[in-house]
Amino acid sequence: MPLLHIKDISLSFGGLKAVDSVNIRVDEGEIVSLIGPNGAGKTTVFNILTGIYTVDSGEIFFEGNAIQNKIPQDIVEAGIARTFQNIRLFRNMRVIENVLIGSHIREPYNFFQAVFRTRRFRDSERENTLKAVRLLREVGLLARTHDYAANLPYGEQRKLEIARALATGAKLILLDEPAAGMNPQESEELLRFILSLRGRGYTILMIEHDMSVVMNISDRIYVLDYGKLISEGLPRQVANDPKVIEAYLGGVPDAAENNRA
Ligand SMILES: Nc1ncnc2c1ncn2[C@@H]1O[C@H](COP(=O)(O)OP(=O)(O)O)[C@@H](O)[C@H]1O
Ligand SMILES: [Mg+2]
């Protein structure tokens, strides 16, 4: 059984078929990439997966359970967390607080327990803080723990978003262009970090334009163009697929995408 099975999903915005009969499967422990030109429908697939949009048709199974059209909170509880193409952090909160928000998403505490700070609540807060610090160390942000999120450089804000997604306890992590805005050294580091996530049992579905990242770490790749899957397979197969090369403006994917503004 695949961890995630997207079966024939479609979604239109007015007359535009943003996602058109898309099928994707992701097995546990895989790093799978979703690529394609701007406007291909990649982020829309993530928005559907995380309950922001509801599909017109099709089904989505996570660990065998149907999750299409569930609300975002239920999707996180099921074990899927994401980062955003346009970073969404609480900029006026500290780095550690941003990570703690991730852990609170799945807290089994009610209002009473939180307001009166019951023992169970305090124990769990301590545990969450330790976990958050551990995650910050893992993403290389330990020295930034008490800085305001707004003061981090762009590459570090992206890492902080990943730490927050991990803090939810999710097993499937959706990364929407994690290397965007990073310099070559930062994307190299990110690449190693994403690989280490797989080593620790996470499964990754990633949208990414940096072809050196995509080709280096993906187990398999799906290619979207105008809402439709036009290719899928191993990195080498996809990179040599004429349909893919054509979709990227008739050039090699690398050149076409890395030159976009
Ligand atoms: N909420 C929306 N309302 C109308 N059109 C949308 C909406 N979200 C995305 N689209 C359109 O759907 C298409 C796919 O967008 P998107 O999924 O963001 O592409 P990608 O992430 O591959 O660049 C684009 O043409 C975009 O303009
Ligand atoms: Mg996008």
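Cut-offs and rules
Residues numbered from 1 in each chain as written. Chains lettered and ligands numbered in written order. Predicted model: local features only at pLDDT ≥ 70, side-chain atom pairs only at ≥ 80, totals over all residues. Helix = DSSP H or I, 4+ residues; strand = E, 2+ residues; numbered from the N terminus. Rg over C-alpha atoms; globule rule 2.2 N^0.38 Å. Buried ≥ 20, exposed ≤ 12 C-beta atoms within 10 Å, placed from the backbone. Contact = placed C-beta atoms within 7 Å. Domains from an automatic or database assignment. Near = placed C-beta within 6 Å. Pairing = 2+ DSSP bridges.

*Asks:* Describe in detail the overall build of the protein, supporting the description with residues and values.
*Replies:* When you go through the protein residue by residue, the secondary structure sums to 11 helices and 10 strands. For 261 residues, the compact-globule estimate of 2.2 N^0.38 gives 18 Å, and the protein sits close to it at 19 Å. Referenced to the eigenvectors of the C-alpha coordinate spread, the extents of the protein come out at roughly 60 × 40 × 35 Å. Counting over 261 residues, the protein shows a buried share of 38%. Sequence separation of at least 24 residues holds for 65% of the intrachain contacts in the protein that already meet a minimum separation of 6.

*Asks:* Would you mind going over the domain arrangement of the protein in detail, with residue names and values included?
*Replies:* You can read the domains of the protein as domain 1 (1-79 + 171-261) and domain 2 (92-169). Taken together, the 9 residues of domain 1 in the interface contact 10 residues of domain 2. Taken together, the elements giving at least two residues each to the side of domain 1 that touches domain 2 come down to helix H2 (72-78), strand E7 (172-176) and helix H7 (184-199).

*Asks:* An account of the site of ligand 1 is needed here, citing residue identities and associated values.
*Replies:* Around ligand 1, the surrounding shell consists of Phe13, Leu16, Ala18, Gly36, Asn38, Gly39, Ala40, Gly41, Lys42, Thr43 and Thr44. Among the secondary structure elements, those contributing two or more residues to the shell around ligand 1 are strand E2 (16-26) and helix H1 (42-49). Among the elements that make up the shell around ligand 1, the one with the highest residue count is H1 (3 residues).

*Asks:* Hey, could you go over the pairing of E2 for me, with residue numbers and the actual values?
*Replies:* Every other side chain in a regular strand lies on the same face of the sheet, so the side chains alternate between the two faces. Taken together, the 7 bridges between strand E1 (residues 4-13) and E2 define a ladder with antiparallel strand orientation. Note on E2: the bridge partner recorded for serine 12 is lysine 17. Between E1 and E2, which pair antiparallel one after the other, the connecting turn spans 2 residues, and glycine 14 there sits at a positive phi close to 60°.

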